[in-house]
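# Residue-level structural notes
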Amino acid sequence: GNSVTQMEGPVTLSEEAFLTINCTYTATGYPSLFWYVQYPGEGLQLLLKATKADDKGSNKGFEATYRKETTSFHLEKGSVQVSDSAVYFCALLNTGNQFYFGTGTSLTVIP
Amino acid sequence: GEEVAQTPKHLVRGEGQKAKLYCAPIKGHSYVFWYQQVLKNEFKFLISFQNENVFDETGMPKERFSAKCLPNSPCSLEIQATKLEDSAVYFCASSRGGQGAIYEQYFGPGTRLTVT
């Protein structure tokens, strides 16, 4: 079946620290992988995506690489800002066209 | 439109009342998906449509939940006789395809339903 396992939070970092949020998946076939961000009181925003193995998605300083051999799609950012405080969701989309989301990781960045 | 639109933004209902949520997909998108986000951020797939036809309803609680996508109207998700546990944010998403390949889904801003 399809599922996403995401690093549990909450995560608290100081401004300019390095961020890693781990995400691993189980899937049949060759899914596309996504990271979504949800700011307080808002909806889901697509942060980045990768559609095939070894693709790297990147946006706003965030990066994630689709690793088929380790079934992972870890999110990284070299230097976080207070404005990055949000909940981050790893997600998988397969040919059945139903999203499978991780449980979300809450990130708080303190000045 | 260029974005998925959902109305209302917030909805408060007393237990046992009916709740109806609306979703207008992006113009040209033929697939619509409903998801429920409950406490602790868990997302649950409810139902999807291909145009006005149900595509996948494996996540729908059959007893009190129903959904429709009619031509020239917003799609709707209706909950009869709401319960406290229905309190959640309901997200709608749309995509231009749904079979045989992976099509990116675009999410609306969500409707927050509070059942008191």
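Structure's up top.
This write-up is about the structure you can find in this document. All values derive from a computational prediction rather than experimental measurement.

Take the overall build of chain A next. When helices and strands are tallied, chain A shows zero helices and twelve strands. Counting from the amino terminus, helix and strand elements in chain A follow one another as β-β-β-β-β-β-β-β-β-β-β-β. Along the first, second and third principal axes, the C-alpha atoms of chain A reach 45 × 25 × 20 Å. Within chain A, buried positions represent 47% of all 111 residues. In chain A, the proportion of contacts linking residues at least 24 apart, taken out of those at least 6 apart, comes to 55%. Only carbon and sulfur atoms are counted for the fraction: they give 49% of the accessible area of chain A, which is about 5100 Å². Each charge class in chain A was averaged separately, 7 positive and 10 negative side chains, and the resulting centres sit 9 Å apart.

Examined against the element boundaries, Thr5 of chain A turns out to sit in strand S1 (residues 3–6). For the pair Thr5 of chain A and Cys90 of chain A, spaced 85 residues apart in sequence, the C-alpha separation works out to 8.2 Å.

Attention shifts here to the layout of surface pockets. Computed from the structure, the largest pocket encloses a volume of approximately 730 Å³. What lines the largest pocket is a set of 36 residues, among which Glu42, Gly43 and Leu44 of chain A together with Phe91 and Pro109 of chain B lie closest to the centre. Elements supplying a minimum of two residues to the lining of the largest pocket: strand S5 (32–38) and strand S6 (44–50) of chain A together with strand S9 (88–95), strand S10 (106–107) and strand S11 (111–115) of chain B. Its residues placed into classes, the lining of the largest pocket shows 17 nonpolar, twelve polar and seven charged.

Moving on, we come to the sheet that holds strand S9 (residues 75–77) of chain A. Residues and elements named next belong to chain A. In spatial order, the strands read S3-S9-S8-S7; together these four strands make up an open sheet with antiparallel pairing. One side of each edge strand has no neighbouring strand; the edge strands of this open sheet are strand S3 (19–21) and strand S7 (56–59). The average angle at which neighbouring strand axes cross in this sheet is 15 degrees, direction not considered. Sheet topology note: the strand S8 (residues 62–65)/S9 ladder contains three bridges and is antiparallel. Within S9, the position partnered with Glu63 by the bridge is Glu76.

Take the interface of chain A and chain B next. Opposite the 21 residues of chain A that make contact, chain B presents 22 residues. Contact between chain A and chain B buries roughly 1600 Å² in total, counting both sides, with carbon and sulfur atoms accounting for 57%. Taken as a group, Leu44, Asn97 and Gln98 of chain A account for 32% of the area that chain A buries against chain B, more than any other trio of residues on that side. Where chain A touches chain B, the interface holds one salt bridge. A salt bridge links Glu104 of chain B to Lys49 of chain A; the nearest nitrogen and oxygen atoms lie 2.3 Å apart. Across the contact surface, chain A and chain B share four residue pairs in polar contact (both at pLDDT 80 or more). No other element matches S5 of chain A, which puts four residues into the side of chain A that touches chain B. Across the side of chain A that touches chain B, the residue classes break down as eleven nonpolar, nine polar and one charged.

Another point: the pattern of salt bridges. Scanning all chains against the criterion turns up seven salt bridges over all chains. Close ionic contact of Asp55 of chain A with Lys52 of chain A constitutes a salt bridge, the shortest N to O distance being 3.3 Å. Lys18 of chain B is the partner of Glu78 of chain B in a salt bridge, and the nearest nitrogen-oxygen pair spans 3.9 Å. Here Lys18 of chain B lies in the loop between strand S2 (10–13) and strand S3 (19–24) and Glu78 of chain B lies in strand S8 (residues 75–79), a separation of 60 residues in the sequence. Each of the salt bridges in this network shares a partner with another, and the network as a whole consists of Lys18, Lys20 and Glu78 of chain B.

Once that is clear, we can look at the sheet that holds strand S1 (residues 5–7) of chain B. Residue and element names in this part refer to chain B. Ordered in space as S1-S3-S8-S7, the four strands form an open sheet in which the pairing is antiparallel. Sheet topology places S1 and strand S7 (65–68) at the edges, where each strand pairs with a single neighbour. Along the sheet, successive strands turn relative to each other by an average axial angle of 15 degrees, direction set aside.

Conventions adopted
Residues numbered from 1 in each chain as written. Chains lettered and ligands numbered in written order. Predicted model: local features only at pLDDT ≥ 70, side-chain atom pairs only at ≥ 80, totals over all residues. Heavy atoms only, no water. Helix = DSSP H or I, 4+ residues; strand = E, 2+ residues; numbered from the N terminus. Buried < 20%, exposed > 50% of the residue type's maximum accessible area, 1.4 Å probe, protein only. Contact = heavy atoms within 4.5 Å. Areas by Shrake-Rupley, 256 points an atom, 1.4 Å probe, with all protein chains shown as cover. Lys, Arg positive; Asp, Glu negative; His and termini not counted. Charge placed at Lys NZ, Arg CZ, Asp CG, Glu CD. 1 Å grid on protein atoms, 1.4 Å probe; cavity = no way out; pocket = protein on both sides within 12 Å on 5 of 7 lines; lining within 4 Å. Points joined across faces, edges and corners; volume = space filled by probe spheres on them. Nonpolar A, V, L, I, M, F, W, Y, C, P; charged D, E, K, R; others polar. Pairing = 2+ DSSP bridges. Axes fitted to C-alpha atoms, helices over the stretch in contact; angles between N-to-C directions. Buried area = accessible area lost by both parts, 1.4 Å probe. Salt bridge = Lys/Arg side-chain N within 4 Å of Asp/Glu carboxyl O. Polar contact = N/O pair within 3.5 Å; in protein donor to acceptor, adjacent residues only side chain to side chain.

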